[in-house]
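The chain contents come next:
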Amino acid sequence: MSHLAVVSQVSFAVPVGNDSSTLTTSLFKTQNVRFADKSWAPLLAVNLKSRNSQSRNRYAVCMSVQQASRSKVAVSPLELEDAKEPPLNIYKPKEPYTATIVSVERVVGPKAPGETCHIVIDHDGNVPYWEGQSYGVIPPGENPKKPGFPHNVRLYSIASTRYGDSFDGKTASLCVRRAVYYDPETGKEDPSKNGICSNYLCNSKPGDKVQITDFNFLTSW
């Protein structure tokens, strides 16, 4: 793996004596900086012009220092970086994957209009995705419009990269706004009409199970 380099320049003034040869000898004793298998020597510029008689023997010396940055962080797992096609239809609504809630964190202030939560889901690498894809979430319970059947799938755009919050390709994050209904006449909240899936996700706790599906729609490119 190659090393990336960042170039910075450091300038400073050095008072020297009358003997310019002393200046040259001492400066070129500086060791070269090595990075990316190449050697880079200091770049020197000497200003021999004096501003006045008192500073006639003082010279401005500029040195350009090449600094090597750290190596690129290894991507794990690498196969996610080299994937040629987005993963599609691995888990469908009739056969969802049971994932685990890792954390639920409110990401808006206490006085914000509404509540939005950052939800991390552990899928153990079994439901991979690309940036821009969505997860389907099936809330628990029975569909009131279809007794005996589960709720319909709700789609949520995935808010993390394909590597997840832990950079191991085993988690995904959703940013979910709790859907709350207020009666226009009374101005009071009506819990019976609140969003089923958004409230289920925002109310979930670490360790809770959640049924998810992958969806073959890229919300953005």
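The coordinates are above.
All residue numbers refer to positions counted from 1 along the written sequence of the respective chain. For this predicted model, a pLDDT threshold of at least 70 governs which residues receive local features, and a threshold of 80 or more governs which side-chain atom pairs are given and counted, while totals over whole chains, interfaces and linings are taken from all residues. By convention in this description, side-chain values take in all heavy atoms of the structure and omit both hydrogens and water.

K.L.:
For this particular structure, what's the right way to read unusual backbone geometry?
P.N.:
A negative phi holds for most residues other than glycine; trans holds for most peptide bonds. Phi is positive for N89, close to 50 degrees, though the residue is something other than glycine. Mapped onto the elements of the fold, N89 is located in the loop between α2 (78–81) and β6 (97–106). One non-glycine residue, D124, adopts positive backbone phi at about 55 degrees. Secondary-structure assignment places D124 in the loop between β7 (116–122) and β8 (133–138). The way it works is that DSSP assigns letters per residue, a run of H or I at least four long becomes a helix, a run of E at least two long becomes a strand, and they are numbered from the N terminus.

K.L.:
Sorry, what's going on with the packing of aromatic side chains here?
P.N.:
To describe a pair of aromatic rings, you give the distance between the ring centres and the angle between the ring planes. Between rings of Phe, Tyr and Trp, where Trp is taken as its six-membered ring, a pair exists when centres lie within 6.5 Å; planes separated by under 30 degrees are stacked, by over 60 edge-to-face, and by other angles tilted. Counted under the stated rule, the structure contains three aromatic pairs. Arranged with centres 5.7 Å apart and planes meeting at 75 degrees, the rings of Y129 and Y135 form a pair that is edge-to-face. The interplanar angle of 45 degrees and the centroid separation of 4.9 Å between the aromatic rings of Y163 and F167 together place this pair among those described as tilted. Exposure categories follow from relative accessible area, calculated using a 1.4 Å probe and restricted to protein chains: below 20% of the type maximum is buried, above 50% is exposed, and the middle band is partly exposed. Overall, Y163 belongs to the buried group, its relative accessible area being 11%. For F167, a relative accessible area of 35% corresponds to the partly exposed category.

K.L.:
What's the story with the layout of surface pockets in this structure? I'm lost.
P.N.:
A pocket here means an open set of points on a 1 Å grid, computed over the protein atoms alone, that has protein on both sides within 12 Å along at least five of seven lines. A cavity is instead a set of points where a 1.4 Å probe fits but cannot get out; residues with an atom within 4 Å of a point line either one. Grid points are joined across faces, edges and corners, and a volume is the space filled by probe spheres set on the points. Roughly 170 Å³ of volume is contained in the largest pocket. P93, K94, I138, N143, K146, F149, P150, H151, N152 and V153 together form the lining of the largest pocket. Three residue categories are used. Nonpolar comprises Ala, Val, Leu, Ile, Met, Phe, Trp, Tyr, Cys and Pro, charged comprises Asp, Glu, Lys and Arg, and polar comprises the others, including Gly. Across the lining of the largest pocket, the residue classes tally to five nonpolar, three polar and two charged.

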